[in-house]
Amino acid sequence: MERVIALSIRAGLSLIIGFVIGAFFLIATPLIGTLMFNPPISPPMWFLSLSVGLGCGLAAFLCFFKPESDHKINGVTLLISSTTGMLGGYIGTFLSNPEGVRNQRMVASSLTSPDVAPFVYMGVLLATVATGTWYAYRLWTYNED
């Protein structure tokens, strides 16, 4: 029972922190392109979705990270969470309609915009499910309490 509770707490934290960090990456990516380059560049939507997915994956890694585990296990956890987060962000581009957007920077400045919200939702959900599955496998197979 305590394993289920531990997995549930980590998954819930991963969802909450993933939404926050994903929204931060969603807002910070166009700002970096605007503030660091002269003339300002606007990143393409596929790059925006991958960076948001990477942020969601890093949040999932932080929530399922166990410092007492082997470095190889933590490396696999990082690889799984970041890859599935970026995959989820990329899948979110197909759920939205970024082609009909006239000004990408205005859309990317708000998480509530229907054109960029699926980047965050899919990145968080896929990264949490995949990393939680890996954590549950380790927990029940190798008794990593």
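Every value quoted in this text rests on a predicted model; they were computed, and no experiment measured them.

1. What to know about the packing of aromatic side chains
All chains considered together, the criterion is met by 7 aromatic pairs. Linked through ring pairs, Trp-134, Tyr-137 and Tyr-142 together constitute an aromatic cluster.

2. Let's talk about helix H5 (residues 117-142)
With 26 residues, H5 should reach 38 Å at 1.5 Å per residue; the first-to-last C-alpha distance of 37 Å fits that figure. Of the residues flanking the end of H5, it is Asn-143, one or two places downstream, whose phi is positive at about 55 degrees.

3. Some words on the packing of helix H2 (residues 45-64) against H5
Interhelical geometry of H2 versus H5 gives an angle of 35 degrees and a closest axis separation of 8 Å. Note that H2 runs across H5; the crossing there is right-handed. Counting all contacts with H2, which are made through Met-45, Leu-48, Ser-49, Val-52, Cys-56, Gly-57, Ala-60 and Phe-64, the residues of H5 involved are Phe-119, Val-120, Gly-123, Val-124, Ala-127, Thr-128, Thr-131, Gly-132, Tyr-135 and Arg-138.

4. So, the nonpolar core
In terms of nonpolar packing, the biggest core is built from 9 residues, these being Leu-26, Met-45, Leu-48, Val-52, Cys-56, Val-116, Phe-119, Val-120 and Val-124. At the level of elements, H2 and H5 are the ones that each hand at least two residues to this core. Of all the elements, H2 adds the most residues to this core, at 4 residues. If near-sequence neighbours (up to four positions away) are discounted, Cys-56 is found in contact with Gly-18, Gly-22, Val-120, Gly-123, Val-124 and Ala-127. In this structure, Leu-7, Cys-63, Tyr-135 and Leu-139 belong to the second largest nonpolar core, which totals 6 residues.

Cut-offs used in this document
Residues numbered from 1 in each chain as written. Predicted model: local features only at pLDDT ≥ 70, side-chain atom pairs only at ≥ 80, totals over all residues. Heavy atoms only, no water. Phe/Tyr/Trp six-rings, centres within 6.5 Å; stacked < 30°, edge-to-face > 60°. Helix = DSSP H or I, 4+ residues; strand = E, 2+ residues; numbered from the N terminus. Expected span 1.5 Å × (residues − 1). Axes fitted to C-alpha atoms, helices over the stretch in contact; angles between N-to-C directions. Left-handed = near helix turned anticlockwise from the far one by under 90°. Contact = heavy atoms within 4.5 Å. Core = buried A, V, L, I, M, F, W, Y, C linked by side-chain atoms within 4.5 Å. Buried < 20%, exposed > 50% of the residue type's maximum accessible area, 1.4 Å probe, protein only.

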